[in-house]
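Working through the structure, step by step
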Amino acid sequence: MAAVAQCVRGALRPRYPLLGFALRTSPRLLCAATQQKNTGQNLEEDQSQSQNEHKVEPSSAGKMLTEEKAKLEEQLKEVTDKYKRALADAENIRQRSQKLVEEAKLYGIQSFCKDLLEVADILEKATESVPKEEIKDENPHLKSLYEGLVMTEVQIQKVFKKHGLLRLNPVGAKFDPYEHEALFHAPMEGKEPGTIALVSKIGYKLHGRTLRPALVGVVKDA
């Protein structure tokens, strides 16, 4: 330090004798000035570094927030999709269950109706087997029996209709494999091919669904 002060005094002595004298008498002033300058430079460097750190930190924090926001939005989208699919599945299950319940109400008596059809067939055969010429006042017992059979047949058909069970007697109609069962095919004059010429056994439908197909004979080309 003494050598530095001596050099400075030598350089300044020709031009500034008073300053040289001051430096010669107070070498500590030069050291203090040098230290203050260095301290000021260090302080400026620290402030600049701190400002740079503050500039970097907000940028990094903003990037993290953006990434976190993107993740949350993706999770929200996935949860929303799952929720919508669950709602759709629940609605489909509800509709299917409701349809099954309605079908159970409509067709729950299907087996019972099939059994009753045999009773209806017997009544029909019984009324058809009575000779019409024998139904007269001279045979009151036969007449009463016949009338009773006819009334029973009419009443049972009313009950069938009340519960959605309808007769299929398709004479002259087009053959429908969903409603009719062909026993034979035969050519017939004056009949259009593909139509039903004869019904061997009456069919029935329950609420629009074929419960028993009608047994028929179908006209074919000659």
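Below or above, wherever it landed, is the structure these notes cover.

Attention shifts here to the packing of aromatic side chains. Pairs of aromatic rings are described using the distance from one ring centre to the other and the angle between the two planes. Summed over all chains, the structure comprises one aromatic pair. A ring pair is formed by Phe160 and Tyr204, whose centres lie 5.9 Å apart and whose planes are at 85°; its orientation type is edge-to-face. In this pair, Phe160 sits in helix H5 (residues 140–162) while Tyr204 sits in strand E4 (residues 203–206), placing the two residues 44 residues apart along the sequence. Sitting over the ring of Tyr107, Arg209 keeps its end group 3.7 Å from the ring centre.

Right, let's get into H5. Quick reminder: α-helices carry 3.6 residues per turn. Residues three or four places apart thus point the same way. The end-to-end C-alpha separation of H5 is 33 Å, in line with the 33 Å expected for 23 residues at 1.5 Å each. Those residues of H5 not exposed but buried are Tyr146, Leu149, Glu153, Ile156, Gln157 and Phe160. Those residues of H5 that are buried lie in contact with helix H4 (110–129), strand E1 (165–168) and E4. Phi for Gly164, located one or two positions after H5, is positive at around 85°.

This paragraph deals with H4. The end-to-end C-alpha separation of H4 is 29 Å, in line with the 28 Å expected for 20 residues at 1.5 Å each. Residues Cys113, Leu117, Ala120, Asp121, Leu123, Glu124 and Thr127 constitute the buried set of H4. Here the buried face of H4 lies against H5, E1, strand E3 (196–201), E4 and strand E5 (209–212).

It is worth spelling out the pattern of salt bridges at this point. Enumeration over the complete set of coordinates arrives at five salt bridges. Taking the shortest distance from any N to any O, the salt bridge between Asp121 and Arg212 comes out at 2.7 Å. Of this pair, Asp121 sits in helix H4 while Arg212 sits in strand E5, and the two are 91 residues apart along the sequence. For the pair formed by Asp121 and Arg212, the shared burial category is buried. For Glu179, the salt bridge identified is with Lys205, shortest N-O distance 2.9 Å. Separated by 26 residues along the polypeptide, Glu179 in the loop between E1 and strand E2 (180–186) and Lys205 in strand E4 bring together distant segments of the chain. The exposure classification of Glu179 matches that of Lys205, with both residues buried.

Once that is clear, we can look at unusual backbone geometry. Not every positive phi belongs to a glycine, and His207 is a case in point at roughly 50°. Among the structural elements, His207 can be located in the loop between E4 and E5. Look at His207 and you get partly exposed, because its relative accessible area is 35%.

On to the sheet that holds strand E6 (residues 214–219), then. The sheet built from three strands is open, its strands ordered E2-E6-E3 with mixed pairing. With one partner strand each, in any of the chains shown, E2 and E3 form the two edges of the open sheet. Along the sheet, successive strands turn relative to each other by an average axial angle of 30°, direction set aside.

Cut-off values and rules
Residues numbered from 1 in each chain as written. Predicted model: local features only at pLDDT ≥ 70, side-chain atom pairs only at ≥ 80, totals over all residues. Heavy atoms only, no water. Phe/Tyr/Trp six-rings, centres within 6.5 Å; stacked < 30°, edge-to-face > 60°. Helix = DSSP H or I, 4+ residues; strand = E, 2+ residues; numbered from the N terminus. Lys NZ or Arg CZ within 6 Å of the ring centre and 35° of its normal. Expected span 1.5 Å × (residues − 1). Buried < 20%, exposed > 50% of the residue type's maximum accessible area, 1.4 Å probe, protein only. Contact = heavy atoms within 4.5 Å. Salt bridge = Lys/Arg side-chain N within 4 Å of Asp/Glu carboxyl O. Pairing = 2+ DSSP bridges. Axes fitted to C-alpha atoms, helices over the stretch in contact; angles between N-to-C directions.

Worth remembering: the numbers are spatial, not functional.
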